[in-house]
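What follows is the residue order along each chain.
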Amino acid sequence: MSTVAFHTLGCKVNHYETEAIWQLFKEADYERVDFETNADVYVINTCTVTNTGDKKSRQVIRRAIRRNPDAVICVTGCYAQTSSAEIMDIAGVDIVVGTQDRHKMLPYIEQFRAERQPINGVTNIMKNRTYEELDVPYFTDRTRASLKIQEGCNNFCTFCIIPWARGLMRSRDPKEVVRQATQLVQSGYQEIVLTGIHTGGYGEDLKDYNLAQLLRDLETIDGLKRIRISSIEASQLTDEVIDVIDQSEKVVRHLHIPLQSGSDTVLKRMRRKYTMEHFSERLRKLHAIMPGLAVTSDVIVGFPGETEEEFQETYDFILAHGFSELHVFPYSMRTGTPAARMTDQIDEDVKNERVHRLINLSDQLAKAYASRFEGDVLEVIPEEKASSENMLVGYTDNYLKVQFEADESLIGELVKVKITEAGYPLNKGQFVKVIPNLYKKTAENKELTVN
C-alpha cells in the first residue's frame, strides 16, 4: 500500500481542502502517515496571504524533499496558484496543482511515475466560473465539521492577493451543500461551520438563491444542533440574513465580522465596501435580536498612511462596540497588491506598538464578555482532553472556551456545563448533563446508528 503525508499552511479553507484531497487518496487505497515520517507521496497545501506565507511554504516543500528524495512531491494551494513557476524551480518538486483541478492530482502522480517529468497543472483561475466539488464526509480529528460553501472573492481589497489565488466568486450548488451537511450530521457532527474564501457572499452568482435561503434550508436538517458562519462581511449582513438568524434555532450566538479598520478614511484606502456608520448600525440590529451575541473580528494595524488619529478611531470604535475578541495583524506588504506600492508605509516600531495596544484591549474586552456568563449553564461540545487528568475542553455556542471535569467518551457530544469561573482565554465549568444525540458517530465506519 502506498503512503501519503499532508502538510497544510494557512486558513480553514485549506484545512478543509486537505481533508477533501485525502478522501481522493483514500479511495485510491493510500494510507495516510505523519508528515515527519517517510512517505511515498507528500502533499503540501500552501498559503500566499503574506510574503511570509510564501516563505514558510517553500521551507515545508524543501523539508519534504530532504526527508525522502525518492518521494513524489505535490504542491497545491494558493502559493502554487500564484507562483507555479517559482515552485517548479525548486529542485525535487514533481507536481504543482493550484486551487482547482485537485482531482487531477492522482492521475498526475501516475503520469509522473511513468514519465519522470515534472508536471505543472496550474491553469488560469480567473477564467473559472464553476465551483469545484470537493466532498468531505467526515474529518479525521474534529468535533466541529467545516462545510465549504463557496470559492473566490470579487472584492479586490488593496492589501489582498486572494482573488488572484482563488479566482472570482463561485457558489456551491445548494443541493450539494444540504446533502453534505446531512451526511456530516449522520456521521455524528452536531455543529457545522460554514466556510469559504468570502463565505457571506454565498449566492451572489446564483439565480434566486442566497445565503439567507441556504440558512433556512440547513435549519430543516434533523440532528443538526449548531450552524456557525466562519466569517461574514458587514455589507453581507442584510436585513434578510439578520431576520433568518432571528428566526433560527440553530445559528449560534457568535459572528465573526471582519472590521480591518475603524476609520472611514483607512477603509477607503483599503477599498472596503462599508462605512463605520453602516457597520455600527448592523451591530446594533444583531445585538437587539441576539442578547449575549459574541462578535469577533479581524483588524489590520499600520495600513499605509494610518495616522495616530485614524488608529485612535479604530481603538475607540472597538471599545464602544464591545467586541468579544480580536485577531490583530500588523499590516504586512504583499508583493503584487496596490497597498504594497503605496509610498507612506508605516514604521515597524509604530505598527508593533499599536498592535500591542489593541491586543491589550482585546484581552480586556474578552474577559469582560466572558464574565457576563459566570454562573450560567451553557451548552458545550467538548473537543479534546485538557492537559490535566479527566478534564475536557470545548466551546459554547457563543464561542467561550470552557474546561470542565468529564469522561472523554463525551467528546463530540452536546453537554450542559455551568460556568463556575469566567476567564480568558479559558473559562472553568462544572458538568451538568448530556443532551441526547440520536445521530451517533461510530468509531470505525462512521455509519448512522440510532440510539
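Conventions we followed
Within each chain, residues carry numbers counting from 1 in the order of the written sequence. Where local features are concerned, this predicted model is filtered to residues with pLDDT of at least 70; where side-chain atom pairs are given and counted, the filter is 80 or more; whole-chain, interface and lining totals use all residues. Only hydrogens and water are set aside when side-chain values are computed; all heavy atoms of the structure are taken into account. Here a cavity means grid points, on a 1 Å grid over the protein atoms only, where a 1.4 Å probe fits yet cannot get out; a pocket means an open set of points with protein on both sides within 12 Å along at least five of seven lines; lining residues are those with an atom within 4 Å of a point. Grid points are joined across faces, edges and corners, and a volume is the space filled by probe spheres set on the points. For this scheme, ten residues count as nonpolar: Ala, Val, Leu, Ile, Met, Phe, Trp, Tyr, Cys and Pro. Four count as charged, namely Asp, Glu, Lys and Arg, and the remainder, Gly too, count as polar. In this scheme, patches are assembled from residues that exceed 30% relative accessible area and form no salt bridge. Like charges are connected within 9 Å, while nonpolar side chains (Val, Leu, Ile, Met, Phe, Trp, Tyr) are connected within 5 Å. Here, Shrake-Rupley sampling with a 1.4 Å probe gives the accessible areas, and only protein chains in the shown set may cover a residue. We define a salt bridge as a side-chain nitrogen of Lys or Arg found within 4 Å of a carboxyl oxygen belonging to Asp or Glu. The charged-residue count follows a simple rule in which Lys and Arg add positive charge and Asp and Glu add negative charge, with His and chain termini not counted at all. The atom standing in for a charge is NZ when the residue is Lys, CZ when it is Arg, CG when it is Asp and CD when it is Glu. Each helix corresponds to a stretch of at least 4 residues labelled H or I by DSSP, and each strand to a stretch of at least 2 residues labelled E; elements are numbered beginning at the N terminus. For every residue, the accessible area obtained with a 1.4 Å probe (protein chains only) is divided by the maximum for its type, and the residue is called buried under 20%, exposed over 50%, and partly exposed between those limits. To estimate the expected span of a helix, count its residues, drop one, and scale the result by 1.5 Å. Whether two residues touch is decided by their heavy atoms; if any such pair falls within 4.5 Å, the residues are in contact. The definition of a polar contact used here is a pair of N or O atoms within 3.5 Å, where within protein one atom must be able to donate a hydrogen and the other to accept one, and adjacent residues in sequence count solely through side-chain atom pairs. The rule for a disulfide is simple: a pair of cysteine sulfur atoms within 2.5 Å. In this analysis, strands are considered paired if DSSP registers two or more bridges between them. Axes, fitted as lines to C-alpha atoms, cover a helix only where it is in contact. Angles between the N-to-C directions of the axes lie from 0 to 180 degrees. In this scheme, roughly parallel covers angles under 35 degrees and roughly antiparallel covers those over 145, while 65 to 115 is roughly perpendicular and the rest are oblique. Definitions for this section: a left-handed crossing has its near helix turned counterclockwise from the far helix by less than a right angle. A right-handed crossing has that turn clockwise. A score from 0 to 100, pLDDT tells how confident the predictor is in each residue. For this analysis, a nonpolar core means a set of buried residues of the types Ala, Val, Leu, Ile, Met, Phe, Trp, Tyr and Cys, connected via side-chain atoms within 4.5 Å. Note on aromatic contacts: the rings of Phe and Tyr and the six-membered ring of Trp form a pair at centre separations within 6.5 Å, being stacked when their planes are under 30 degrees apart, edge-to-face when over 60 apart, and tilted otherwise. Only Lys NZ and Arg CZ are tested; either one counts as a charge over a ring when it is within 6 Å of the ring centre and within 35 degrees of the ring normal.

**Quick look at the layout of surface pockets**
Here comes step 1: There is about 210 Å³ of room inside the second largest pocket.
Here comes step 2: Looking at the second largest pocket, the residues that line it are Leu224, Lys225, Arg226, Glu249, Lys250, Val251, Val252, Arg253, Glu379, Asp397 and Leu414.
Here comes step 3: For the lining of the second largest pocket, the class distribution of residues is 4 nonpolar, no polar and 7 charged.

**A closer look at a negative patch on the surface**
Here comes step 1: Taken together, the side chains of Asp264, Glu277, Glu309, Glu313 and Asp316 define an acidic patch exposed on the protein surface.
Here comes step 2: The element contributing the most residues to the negative patch is helix α12 (residues 308-321), with 3 residues.
Here comes step 3: Locating Glu313 in the fold gives a position in helix α12.
Here comes step 4: Looking at Glu313, the relative accessible area reads 38%, which means it is partly exposed.

**Let's talk about helix α13 (residues 348-371)**
Here comes step 1: With 24 residues, α13 extends 35 Å from end C-alpha to end C-alpha; this agrees with the ideal 34 Å at 1.5 Å per step.
Here comes step 2: If you check which residues of α13 are buried, you get Lys351, Arg354, Val355, Leu358, Leu361, Ser362, Leu365, Ala366, Tyr369 and Ala370.
Here comes step 3: Against the buried residues of α13 lie β12 (294-301), α12, β13 (325-330) and β18 (427-435).
Here comes step 4: Sitting at the amino-terminal end of α13 is Asp347, which places a side-chain oxygen 3.0 Å from the backbone nitrogen of Asp349.

**Here's the deal with the state of the cysteines**
Here comes step 1: For the structure shown, the criterion picks out 0 disulfides.
Here comes step 2: Here Cys160 is not disulfide-linked; the sulfur of Cys157 is the nearest cysteine sulfur, at 6.2 Å.

**Digging into unusual backbone geometry**
Here comes step 1: Cis geometry marks the peptide bond from Tyr424 to Pro425, where omega comes out at 10 degrees.
Here comes step 2: Mapped onto the elements of the fold, Pro425 is located in the loop between β17 (414-421) and β18.
Here comes step 3: Unlike most non-glycine residues, Arg271 shows phi in positive territory, near 65 degrees.
Here comes step 4: For Arg271, a relative accessible area of 43% translates into the label partly exposed.

**Some words on the sheet that holds β18**
Here comes step 1: An order of β14-β15-β16-β18-β17 is seen for the 5 strands of this closed barrel, with the pairing classed as mixed. For this sheet, the mean angle separating the axes of adjacent strands, direction not counted, is 55 degrees.
Here comes step 2: In the sheet, strand β14 (residues 377-385) pairs with strand β15 (residues 391-396) via 5 bridges, with the strands oriented antiparallel. Along β15, the bridge assignment pairs Val380 with Thr396.

**Regarding the sheet that holds strand β11 (residues 254-256)**
Here comes step 1: The strand order across the open sheet formed by 3 strands is β11-β12-β13, and the pairing between neighbours is parallel. Each end of this open sheet is capped by a strand with a single partner; those strands are β11 and β13. Averaged over all adjacent pairs, the angle separating strand axes in this sheet is 15 degrees, with direction ignored.
Here comes step 2: In this sheet, β13 lies alongside β12 in parallel orientation, the contact comprising 6 bridges. Within the sheet, the bridge partner assigned to Ile300 lies in β13 and is Phe329.

**Regarding the packing of helix α9 (residues 239-247) against helix α11 (residues 276-289)**
Here comes step 1: With their axes 10 Å apart at the nearest point, α9 and α11 run at an angle of 15 degrees to one another. Here α9 is positioned roughly parallel relative to α11, judged by the angle of their axes. When you trace α9 past α11, the crossing you get is right-handed. Residues Asp239, Ile242, Ile245 and Asp246 of α9 pack against Arg282, Lys285, Leu286 and Ile289 of α11.
Here comes step 2: Its residues assigned to classes, the contact of α9 with α11 shows 4 nonpolar, no polar and 4 charged.

**Overview of the confidence of the model for the chain**
Here comes step 1: Residue-level pLDDT values for the chain average 94, and 96% of them are 70 or greater.
Here comes step 2: Scored below 50 in pLDDT, residues 442-451 makes 17 contacts in the model with residues more than four places away or belonging to other chains.

**A closer look at the nonpolar core**
Here comes step 1: One finds Ile192, Leu255, Ile257, Phe279, Ile318, Phe323 and Leu358 to be the most contacted residues of the largest nonpolar core, which totals 69 residues.
Here comes step 2: In terms of residue count, helix α8 (residues 211-219) provides more of this core than any other element does, 5 residues in total.
Here comes step 3: Not counting residues within four places of it along the chain, the set of residues in contact with Phe279 comprises Ala234, Ile257, Pro258, Leu259, Tyr274, Phe317 and Phe323.
Here comes step 4: With 21 residues, the next largest nonpolar core counts Cys47, Val60, Ala71 and Tyr79 among its residues.

**What to know about helix α1 (residues 12-27)**
Here comes step 1: Across its 16 residues, α1 extends 23 Å between first and last C-alpha, which sits within 8% of the 22 Å expected from 1.5 Å per residue.
Here comes step 2: Along α1, the residues that are buried comprise Val13, Asn14, Tyr16, Glu17, Thr18, Glu19, Ala20, Ile21, Trp22, Gln23 and Phe25.
Here comes step 3: Two residues or fewer after α1 comes Asp29, characterised by a positive phi angle close to 65 degrees.

**Thoughts on the environment of Ala20**
Here comes step 1: Topologically, Ala20 is positioned in helix α1.
Here comes step 2: We classify Ala20 as buried; its relative accessible area is 2%.
Here comes step 3: C-alpha of Ala20 to C-alpha of Val136: the two residues are 116 residues apart in sequence and 5.2 Å apart in space.

**Digging into the packing of aromatic side chains**
Here comes step 1: Going through the model one piece at a time under the given rule, you end up with 15 aromatic pairs.
Here comes step 2: With a centroid separation of 5.9 Å and an interplanar angle of 80 degrees, the aromatic rings of Phe279 and Phe317 are classed as edge-to-face. Of this pair, Phe279 sits in helix α11 while Phe317 sits in helix α12, and the two are 38 residues apart along the sequence. Note on accessibility: Phe279 and Phe317 belong to one class, buried.
Here comes step 3: Sitting over the ring of Tyr395, Arg144 keeps its end group 4.9 Å from the ring centre.

**A look at the environment of Val185**
Here comes step 1: In this fold, Val185 is placed in helix α7 (residues 174-186).
Here comes step 2: On the basis of relative accessibility, which here comes to 1%, the residue Val185 falls in the buried class.
Here comes step 3: Once the C-alpha coordinates of Val185 and Ala145 are considered, the two residues, 40 residues apart in sequence, prove to be 8.9 Å apart.

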